[in-house]
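Residue-level structure breakdown
Given next are the chains, with one letter for each unit.
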Amino acid sequence: MIELETLMAEVAHTVETIKASKLCTGCGKIKLRTDYYLLSGEYNRTRGYIMAKCKECHKADVRQSDYKGRHPRRAVLSARDYQKRNAGKVAAYVAFREARTIQRTPTWASREAMEVFYVQARKLTTETGIKHHVDHIVPLNGSTVSGLHVESNLQILTASANIAKGNSF
Ligand SMILES: [Zn+2]
């Protein structure tokens, strides 16, 4: 006869295992949460959010899909190189963009709601290997109208669609 205590311990163990596991959207296997990378960014890290695909699937994606995966050092170096060579230009651009964003942010805008867009865009980028941006539906510096930096004016676009859109509205 099975002891009740043993049975309960087994149940507790199974529950713990399930809680510590997650279905991978890549290979469809149920794996331990430790078999997944944490999503980057402070927002995700503090909440312990992990990727939808397991480490193996994620690595396979990165390997086959993009340049950075094939040439990690080279990609990092060339970006760093560009920023070093154009430090003034980069700083000016960042400052300009921040100032414009601050000016266009009303007090009633919800930072939490907007954060969701940025987190999702990053997640999509990671999961698909295609760069996604958060776009202002009505551009902040449109030629005829200027939009606000507020959640209802945000949308997620692929980088290429975003670049094609430019400041037109
Ligand atoms: Zn997987």
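Everything numeric in this text was worked out from a predicted model, so none of it was measured. (Residues numbered from 1 in each chain as written. Predicted model: local features only at pLDDT ≥ 70, side-chain atom pairs only at ≥ 80, totals over all residues. Heavy atoms only, no water.)

1. Looking at the overall build of the chain
A count of helical and extended segments in the chain gives 8 helices and 4 strands. Shown N-terminal to C-terminal, the secondary structure of the chain runs as helices and strands in the order α-β-β-α-α-α-α-α-α-β-β-α. On C-alpha atoms alone, the chain measures out to a radius of gyration of 22 Å, which is more than a quarter above the 15 Å that the 2.2 N^0.38 rule sets for 169 residues. Reported as C-alpha extents along the three principal axes, the dimensions of the chain are approximately 80 × 45 × 25 Å. Residue burial in the chain is summarised as follows: out of 169 residues, 22% are buried. Surface exposure of the chain reaches about 12,200 Å², of which carbon and sulfur atoms provide 58%. Taken as two groups, the 27 positive and 16 negative side-chain charges of the chain have centres that lie 12 Å from each other. (Helix = DSSP H or I, 4+ residues; strand = E, 2+ residues; numbered from the N terminus. Rg over C-alpha atoms; globule rule 2.2 N^0.38 Å. Buried < 20%, exposed > 50% of the residue type's maximum accessible area, 1.4 Å probe, protein only. Areas by Shrake-Rupley, 256 points an atom, 1.4 Å probe, with all protein chains shown as cover. Lys, Arg positive; Asp, Glu negative; His and termini not counted. Charge placed at Lys NZ, Arg CZ, Asp CG, Glu CD.)

2. A closer look at the nonpolar core
Counting 6 residues, the largest nonpolar core consists of Ala-109, Met-114, Ala-121, Val-134, Val-150 and Leu-154. If we ignore the near neighbours within four places in the chain, the residues touching Met-114 are Ala-109, His-149, Val-150, Glu-151 and Leu-154. The next biggest cluster of nonpolar side chains, apart from the first, holds 5 residues, and it includes Cys-24, Tyr-36, Ile-50 and Cys-57. (Core = buried A, V, L, I, M, F, W, Y, C linked by side-chain atoms within 4.5 Å. Contact = heavy atoms within 4.5 Å.)

3. Some thoughts on helix H7 (residues 111-128)
A rise of 1.5 Å per residue sets the reference length of H7, with its 18 residues, at 26 Å; its end C-alpha atoms lie 26 Å apart and thus fit the reference within 8%. Within H7, burial applies to Met-114, Val-119 and Ala-121. Buried residues in H7, looked at end-on, bunch into an arc of 155°, giving them a common side. Lining the buried residues of H7 we find helix H2 (42-47), strand E3 (132-136) and strand E4 (154-158). Phi turns positive, to about 80°, at Gly-129, one or two residues after H7. (Expected span 1.5 Å × (residues − 1). Arc of directions from axis to C-beta.)

4. Overview of the coordination of the zinc ion
With distances of 2.3 to 2.4 Å, the protein atoms coordinating the zinc ion are Cys-24 (SG), Cys-27 (SG), Cys-54 (SG) and Cys-57 (SG). For the zinc ion, the 4 donor atoms in the first shell make angles of 101 to 126° at the metal, a pattern classed as tetrahedral. Sequence spacing of the donor residues for the zinc ion, all on one chain, is C-x2-C-x26-C-x2-C. In this pair, Cys-24 is assigned in the loop between strand E1 (21-23) and strand E2 (30-32) and Cys-54 in the loop between H2 and helix H3 (55-65), connecting sequence segments 30 residues apart. On the basis of relative accessibility, which here comes to 1%, the residue Cys-24 falls in the buried class. (Donors = N, O, S within 2.8 Å, 3.2 Å for Na, K, Ca; no water. Tetrahedral: all angles 85-135°; square planar, octahedral: opposite > 155°, others 65-115°.)

5. Examining the domain arrangement of the chain
Per the domain assignment, the segments making up the chain are domain 1 (20-66) and domain 2 (106-169). Placing a centre on the C-alpha atoms of domain 1 and another on those of domain 2 gives a separation of 25 Å. On the domain 2 side, the residues contacting the 11 residues of domain 1 number 7 residues. For the pair domain 1 and domain 2, the two sides together bury roughly 720 Å², of which 61% comes from carbon and sulfur. Applying the counting rule to domain 1 against domain 2 returns 0 salt bridges. Across the contact surface, domain 1 and domain 2 share 1 residue pair in polar contact (both at pLDDT 80 or more). Of all the elements in the fold, those that place two or more residues in the side of domain 1 that touches domain 2 are H2 and H3. In terms of residue count, the dominant contributor to the side of domain 1 that touches domain 2 is H3 (3 residues). Looking at side-chain class alone, the side of domain 1 that touches domain 2 contains 4 nonpolar, 5 polar and 2 charged residues. (Domains from an automatic or database assignment. Buried area = accessible area lost by both parts, 1.4 Å probe. Salt bridge = Lys/Arg side-chain N within 4 Å of Asp/Glu carboxyl O. Polar contact = N/O pair within 3.5 Å; in protein donor to acceptor, adjacent residues only side chain to side chain. Nonpolar A, V, L, I, M, F, W, Y, C, P; charged D, E, K, R; others polar.)

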